[in-house]
Amino acid sequence: MFTSNPFAELSSHIPAAVMQGYIILMVLLVVGGTLLDMMHKKSAKYFFENAKKAKQSATRTVDIGEKTSIAVKVLVNEVLTSGEFCNARRRLSHLLTMYGFVIFVVTTAIMIFGYSTPDTQTPSILPLLWHIGAAMLAVGGYWFWFFIRVDVSAEGLTWWRFERADLFILSLLATATFALVWSYTQSQGIAGWSTLSFALFIISSTTLFGGVLWSKFAHMFFKPAAAFQKRITRADGSRENLPAEYDLTDPAVQAKFPDIPEYMGKNPAYMGRGIRREPANHY
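Along each chain, the written sequence defines residue order, and numbers are assigned to residues from 1. For a predicted model such as this one, the threshold for reporting local features is a pLDDT of at least 70, and the threshold for listing and counting side-chain atom pairs is 80 or more; totals across whole chains, interfaces and linings nevertheless cover every residue. Side-chain metrics rest on all non-hydrogen atoms present in the structure, leaving aside hydrogens and water.

Novice: Could you clarify how one ought to interpret the overall build of the protein in this entry?
Specialist: Runs of H or I in DSSP of at least four residues are treated as helices and runs of E of at least two as strands, each being numbered from the N terminus. Secondary structure assignment for the protein yields twelve helices and zero strands. Seen in sequence order, the protein has helices and strands lined up from the N terminus as α-α-α-α-α-α-α-α-α-α-α-α. Just to be clear, the radius of gyration here is over C-alpha atoms, and the globule rule we use is 2.2 Å times residues to the power 0.38. Relative to its length of 283 residues, the protein is extended, with a C-alpha radius of gyration of 25 Å against a globular reference of 19 Å. By principal-axis analysis of the C-alpha atoms, the protein measures approximately 80 × 45 × 35 Å. Under the scheme applied here, a residue whose accessible area is under 20% of the maximum for its type counts as buried, over 50% as exposed, and between as partly exposed, the area being computed with a 1.4 Å probe on protein chains only. The 283 residues of the protein split such that 33% are buried.

What follows is the structure in structure tokens.
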């Protein structure tokens, strides 16, 4: 099961060209859905207008070298390691789901476009990674759905309560689950269950990629850009028009804001960590 390419065996019933056409169609659905989502929510318009507004209040110019360094930090922290999550469980669940999804999708495309017939020998590492990716995706996704979701862990709502916004995670979990079930039933020669699980696999994956307008796919592309812009605003001094983090005991700060010594004294007490005084339990 773990070293056999399920798509090569499937080619005896469905031509390789049809499978490849399906992959291309899913890519087009993702691109089209993402563009529609950006147009509908006007996220791209807001992003560029906000960046232009922040640039006008910048106190220094960020050169190309510094921007490159910031881009690398975003890639490492926000993209590759999901460092923005303070909750360790949420972060680990997200990483399992993200890397599982990437491995699963990439190996699917490679096996369908490169090794979709029994005549071509599939390297054993590809189906092994395909199964590992699906398993990682399932573990991370089910962990999130049953134990980490904010309405379940914090608001005490039942895990079976879902709305249209949950279409993404549910179709993602269904895709990984039915892929594994299909691979197992196919390897065991259980024809009826294999056909059923494959049909459910196709339905759930089509829902996943076709429902981008109501999912988080656009968020995946927008998130790194937003993280990069946020770091740029900190570097150029605009800080998204938010106040700087002042030392209230600094005489220069007290001279700039005379109400500080007037109401808090010349040596204001430390007010604590604010929102970070409590460990993050949700998002």
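This is not the end of the story, as more comes after the structure.
Novice: What am I meant to see in the nonpolar core here?
Specialist: Most often, soluble globular proteins have nonpolar side chains that are buried together. Nine residue types can take part in a nonpolar core, namely buried Ala, Val, Leu, Ile, Met, Phe, Trp, Tyr and Cys, and a core is a set of them joined through side-chain atoms within 4.5 Å. Residues Phe 101, Ile 169, Leu 172, Leu 208, Phe 209 and Phe 217 are the most contacted members of the largest nonpolar core, which totals 17 residues. Contributing elements (two or more residues each) for this core: helix 2 (16–41), helix 6 (125–148), helix 8 (167–187) and helix 9 (191–210). Every residue pair with non-hydrogen atoms within 4.5 Å of one another is taken to be in contact. Contact partners of Leu 208, with chain neighbours within four places excluded, come to Phe 101, Phe 168, Ser 171, Leu 172, Thr 175 and Phe 217. Among the nonpolar cores identified, the runner-up in size contains 15 residues, and Leu 10, Ala 16, Ile 112 and Trp 182 belong to it.

Novice: Would you mind going over the side chain of Thr 108 with me for this structure?
Specialist: As for its placement among the helices and strands, Thr 108 is situated in helix 5 (residues 88–114). Side-chain polar atoms of Thr 108 contact the backbone oxygen of Phe 104, separated by 2.7 Å. Excluding residues within four positions of it along the chain, Thr 108 makes contact with Phe 7, Ile 23 and Trp 130. In protein, a polar contact means a hydrogen-donor-capable atom and an acceptor-capable atom, both N or O and within 3.5 Å, with residues adjacent in sequence counting only if both atoms are side-chain atoms; elsewhere, any N or O pair within 3.5 Å suffices.

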